[in-house]
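Residue-level structure breakdown
Below are the chains, spelled out letter by letter.
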Amino acid sequence: MTLHLDRRHFLGLAGVTASAAALAACGGPSTTGGGQATSQAADIDFSGVKPAAKIDFWSSHPGQSQDVEKSLIEKFQAKNPGITVNLVTAGANYEEIAQKFQTAQAAKSGLPGVVVLSDVWWFRYYTNGSIIPVDSLTKQLNMKMDDFQQSLVNDYKYDGKQWALPYGRSTPLFYYNKDHFAAAGIPDRAPKTWDEFGQWAPKLKAASGAQYAYIYPALAGYAGWTLQNMLWGWGGGWSKEWDITCDSADSVAALQWAQDSIYKDKWAGVSSKEAADDFSAGLTSATIASTGSLLGILKSAKFNVGVGFLPGGPKATTNVCPTGGAGLGIPSGITKEEQLAAGMFLDFVTQPESTVEFSAATGYMPTRKSADMSAVLAKTPQIQTAVDQLAVTKVQDNARVFLPGADQEMAKAAAKILTQQGDVKSTMTDLKNTLQSIYDRDVKPKLKS
């Protein structure tokens, strides 16, 4: 059985600060309720069905996207005057939407037509049978699935079916202070490997006057996502398929290097809240943050901002970047008429013109290959780096995106290693035991053999 999935929930930031919104990344809906997911819904026949007159769209407005969401809804309703879409603020972040969605599922009432779901939430909706595969809708509505960026649409594929469509999608980017790099005599580019940056770091810290040469993203919400870059570069990972590998020699070596950069080499730190803000304020010469943070950083920073691909490691120098962000799904507990209306809305908001409008307003990735980004790139050429990096992204580790609550456990382990100088090997062994327990208890019983 092969799983295709990835992504992370970073809010795109288009406000005056680089981090106008923060993400909670803990806990989440239980997967113990509801029955085992089945493929029955894949055979839903929408022929002869008339779309419902009204549906709700539940969103947390990732990337301060409420205004652009309203704009897209108005355009959809103008094109489809018989359907009203009601935009509902269903939470401040993905976790709050997940909790609200679970409550509505349990009550069997008040469900939306379309719901925003993130990389670490959608799979539990699948296991609970809470969402439908959208394949029959994409066929009936003649959606051009091959026009989607494949690394983004594949994140929602499982068991040969499509369970959601990409919406507010992002990857991490390497951000650097061009002025600091110039002062230190360092090339005006992102490092090719972390070891190369390790050679640059002492010069950067000495020449820039910044507190850090590099700052790791805030661990709550970001550790599980961004640290995959280092783990993969060293040949490790949180898992390989369902085999938990966070305690492998390669994984331990990657995190030991990270710990040493803080405590031994003393040129790195850990953001307490939002690395994008720390970087914009000049506290650090470099960091990793979401592509969705790009517009906010460019607006806030008082220096020349550089962006580049994520660095590689000693065992892998490419395909070390995970995708992330949110998708749109359709609940199983609503009528066919509502599901069809929801499908029509999904079709509209994922059209090339719509994804360009959404990207321009938020900084998120265009999800369609045919999207004409020329006007957006003319205004913000740095977005091209994020688009180019899509070609070398990698599907996230199953352990992060498929195990409920795993992201929180990864953040706890990372905090022990990076902020408490805990023993890396024993910490990762403990994490493996925890992740294995989650898999055995909450996921394995619901997977098809």
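So, a few notes on the structure that sits alongside this text. The residue count restarts for each chain, going from 1 along the sequence in the order it is written. The predicted origin of the model limits local features to residues at a pLDDT of at least 70 and limits the giving and counting of side-chain atom pairs to 80 or more, whereas totals for whole chains, interfaces and linings rest on all residues. Each side-chain value is worked out from all heavy atoms of the structure, with water and hydrogens disregarded.

**Some details on the packing of aromatic side chains**
Whether two aromatic rings pair depends on their centres lying within 6.5 Å, for rings of Phe, Tyr and Trp, where Trp uses its six-membered ring; planes under 30 degrees apart make the pair stacked, over 60 edge-to-face, and the rest tilted. Summed over the entire model, instances satisfying the criterion amount to 36 aromatic pairs. Seen from their ring centres, Phe-76 and Phe-345 are 5.3 Å apart, and the 80 degrees between their planes marks the pair as edge-to-face. Here the residue Phe-76 occupies a position in helix H1 (residues 66-79), and Phe-345 occupies one in helix H12 (residues 336-349), the gap between them amounting to 269 residues. There is no split in this pair, since Phe-76 and Phe-345 are both buried. Through a chain of ring-to-ring contacts, the aromatic side chains of Phe-174, Tyr-176, Phe-181, Trp-194, Phe-197, Trp-200, Tyr-214, Tyr-216, Trp-234, Trp-257 and Trp-267 assemble into a single cluster. Placement of a charge over a ring requires the Lys NZ or Arg CZ to be within 6 Å of the ring centre, with the centre-to-atom vector within 35 degrees of the ring normal. When the ring centre of Trp-58 is taken as origin, the NZ or CZ atom of Lys-100, which lies over that ring, is 5.1 Å away. Lying across the ring of Phe-148, Arg-368 places its NZ or CZ 4.8 Å from the centre. Helix and strand assignments come from DSSP, with helices taken as H or I runs of at least 4 residues and strands as E runs of at least 2, each series counted from the N terminus. Three exposure classes are used, based on accessible area relative to the maximum for each residue type with a 1.4 Å probe and protein chains only: buried under 20%, partly exposed in between, and exposed over 50%.

**Thoughts on the sheet that holds strand S2 (residues 84-89)**
Pairs of strands are assigned from DSSP output, requiring at least two bridges between the strands. Here we have 5 strands laid out as an open sheet, ordered S2-S1-S3-S15-S6, and mixed in their pairing. The sheet is open, and its two edges are formed by S2 and strand S6 (165-170), each paired on a single side. Averaged over all neighbouring strand pairs, the angle between strand axes comes to 25 degrees, with direction disregarded. Both strand S1 (residues 54-59) and strand S3 (residues 114-118) contribute to a ladder of 2 bridges, which runs parallel. Its bridge partner being in S3, Phe-57 is matched across the sheet by Val-114. Throughout, an axis means a line fitted to C-alpha atoms (over the contacting stretch in the case of helices), and angles, computed between N-to-C directions, take values from 0 to 180 degrees.

**Notes on the nonpolar core**
Membership of the largest hydrophobic core comes to 114 residues, with the highest contact counts inside it found for Phe-57, Trp-122, Phe-174, Phe-197, Leu-403 and Leu-435. No other element matches H12, which puts 8 residues into this core. Side-chain atoms within 4.5 Å link the members of a nonpolar core, which is a set of buried Ala, Val, Leu, Ile, Met, Phe, Trp, Tyr and Cys residues. Counting 21 residues, the second-largest nonpolar core is a separate cluster that includes Leu-152, Tyr-175, Ala-301 and Leu-377.

**Digging into the pairing of S2**
Pairing of S1 with S2, which is carried by 6 bridges, proceeds in the parallel orientation. If you follow Asp-56 over to S2, its bridge partner there is Asn-86. Looking down the strands as they point away from the viewer, one classifies a crossover as right-handed if the path from the first strand across the helix to the second runs clockwise. Remark: the S1/H1/S2 crossover connection has right-handed handedness.

**Looking at the pattern of salt bridges**
A side chain with one charge can pair with a side chain of the opposite charge if their charged atoms come near. A carboxyl oxygen of Asp or Glu within 4 Å of a side-chain nitrogen of Lys or Arg is what we treat as a salt bridge. With the rule as written, the count across this model stands at 12 salt bridges. Across the pair Asp-188 and Lys-178 runs a salt bridge, and its minimum N-O distance is 2.8 Å. Taken together, the residues Asp-188 in the loop between helix H6 (178-183) and helix H7 (194-208) and Lys-178 in helix H6 connect sequence positions 10 residues apart. Across the pair Asp-250 and Lys-315 runs a salt bridge whose closest N-O atoms are separated by 2.8 Å.

Remember, this is a structural readout, not a statement about activity or role.
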